[in-house]
Amino acid sequence: MQVKLTIGERLKDLRVERKLTLEQLADEVGISKSALGKYESDNGKDISPYSISLLADYYGVSSDYLMGRTETKNHPNTALHELHLSDDAIEVLKTGNFNHRLLSEMICHKDFQTLMLDAEIYVDRIADMRIHDMNAVLEAVRHMTLAKHKGEEEDLYLRTLAVAQVQEEEYFGHVVSKDMAAILHDIRDAHKTDSTTADQTSAAAQVHQQLENAVNFEGSSEEKKAKALLATLGIDYDAITMEQFVNLIEVLKLSKHMNSPISQRGKKTMTHGKGKRKKR
């Protein structure tokens, strides 16, 4: 989620957003089609300041955005006071010690306003009085019923009146947490195929698969042990040389976990599947 777009990628995205071909854009801005294509394909390495300025004006973005110096595309000249941020908030944002793109996506999420409203209700205790009044009514009814039943508290109706009372701290804390979880889940789901996110297969699952392949390997017992060890270390078995294989076997012979001594087979040739692995 934190990949920074190149100049060429920004130029292409802006053109595609407007559904323009290179020929149409060339007619609009007066820059040749070949030059525009080169700007997009080679990440704008040879783009001139004049072209940057011309394209920025045409697309309605800042030159800094095209050059990758800012992520602000449509509001390059927005004054700080229009953002309604405190000085402390601005200082936090300036540090850059967090994922700015994630914060932007959270703010732009369709349920962000609901999150902020629920947070305001919780923090400012806006609903406390109404909850207190509701609980007071329930408690009064409970006491009246309790008096009528002469102090017999073990009653389904009385218990219902007791548990129906809302604890504002717990209730609104849960509401805010649920709002936040829903927003983060949507953002997480939207980025599940990104190249910068974690692999869909866990590291543990990968190691398990590699070890399973080692067990099913059609080679000598020495090769199987070597392949299993290398798999856990993330080393390609087929990439090691004969000398490295022999050294690995010598190391494995020192292991106290081996059930039986390892023979010297495989020093000259190693069976590999149906064929032979020859010394290099």
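Here is what the cut-offs are and how they apply
Positions within a chain are numbered from 1, following the residues in the order the chain's sequence is written. It should be noted that, the model being predicted, local features are given only for residues of pLDDT at least 70 and side-chain atom pairs only at 80 or more, the latter also being counted only at that level, while totals for whole chains, interfaces and linings use all residues. Working from all heavy atoms in the structure, the side-chain values ignore hydrogens and water. Put simply, DSSP H or I for four residues or longer makes a helix, DSSP E for two residues or longer makes a strand, and each gets a number counted from the N terminus. Burial classification: accessible surface area is computed with a 1.4 Å probe over protein chains only, and a residue below 20% of its type maximum counts as buried, one above 50% as exposed, and the rest as partly exposed. Here, two residues are considered to be in contact whenever any of their heavy atoms come within 4.5 Å of each other. Only the protein chains shown count as cover for residues, and all accessible areas are computed by the Shrake-Rupley method using a 1.4 Å probe. The set of buried Ala, Val, Leu, Ile, Met, Phe, Trp, Tyr and Cys residues whose side-chain atoms join them within 4.5 Å is what this entry labels a nonpolar core. A side-chain nitrogen of Lys or Arg and a carboxyl oxygen of Asp or Glu constitute a salt bridge if their distance falls within 4 Å. Surface patches are defined over residues having more than 30% relative accessible area and no salt bridge, joining like charges when they lie within 9 Å and nonpolar side chains (Val, Leu, Ile, Met, Phe, Trp, Tyr) when within 5 Å.

J.: Even after reading the chapter, I still don't get the overall build of the protein chain, so can you show me in this structure?
T.: Within the protein chain, the secondary structure is distributed over 14 helices and two strands. Within the protein chain, the fraction of its 280 residues that count as buried is 27%. Restricting the contact set of the protein chain to residue pairs at least 6 apart, pairs at least 24 apart contribute 55%. Carbon and sulfur atoms make up 55% of the accessible area of the protein chain, which totals about 19700 Å².

J.: Would you mind showing me how to read the side chain of Glu40 here?
T.: Structurally, Glu40 can be placed in helix H3 (residues 33-41). By relative accessible area, which is 13% here, Glu40 ends up buried. Residue contacts for Glu40: discarding those within four places in its chain leaves Gly8, Leu11, Lys12, Arg15 and Leu22.

J.: Would you mind going over the nonpolar core with me for this structure?
T.: In globular proteins that are soluble, nonpolar side chains generally tend to be buried together. Formed by 20 residues in total, the largest nonpolar core has its most connected members in Leu11, Leu36, Tyr39, Leu55 and Leu66. If you list the elements that add at least two residues to this core, you get helix H1 (7-17), helix H2 (22-29), H3, helix H4 (49-59) and helix H5 (63-66). Leave out the neighbours within four places in its chain, and Leu11 touches Tyr39, Glu40, Ile47, Leu55, Tyr59 and Leu66. Core analysis: the next-biggest nonpolar cluster, separate from the first, contains 10 residues, Ala226, Val246, Leu248 and Leu252 among them.

J.: Explain the environment of Leu102 to me, please; I cannot follow it from the model alone.
T.: Tracing the chain through its elements places Leu102 in helix H7 (residues 100-108). Classification of Leu102 by relative accessible area gives partly exposed; the value is 25%. Residues Leu102 and Arg188, 86 residues apart in the sequence, show an inter-C-alpha distance of 9.8 Å.

J.: It is not clear to me how the pattern of salt bridges should be interpreted in this structure. Could you clarify?
T.: By the definition in use, this model includes seven salt bridges. Linking Glu23 and Lys33 is a salt bridge whose minimum nitrogen-to-oxygen distance equals 2.8 Å. Taken together, the positions of Glu23 in helix H2 and Lys33 in helix H3 put the pair 10 residues apart, joining distant regions of the chain. The partly exposed category is assigned to Glu23, whose relative accessible area is 40%.

J.: Just checking my understanding: could you explain unusual backbone geometry for this structure?
T.: Of all residues except glycine, most have a negative phi; of all peptide bonds, most are trans. One non-glycine residue, Lys19, lies in positive phi territory at about 55°. Within the fold, Lys19 resides in the loop between H1 and H2. The phi angle at His84 is positive, at roughly 60°, despite the residue not being glycine. Along the chain, His84 falls in the loop between H5 and helix H6 (87-95). On the basis of relative accessible area, His84 is assigned to the exposed category, the value being 71%.

J.: I tried to follow a nonpolar patch on the surface on my own but got confused; where do I start?
T.: A surface patch of nonpolar side chains, amounting to about 320 Å² of accessible area, comprises Leu80, Leu83, Leu85 and Leu93. If you trace the backbone, Leu93 turns up in helix H6. Taking the relative accessible area as the measure of exposure, Leu93 reaches 31% and is therefore partly exposed.

The quantities given are spatial measurements derived from coordinates; they are silent on function.
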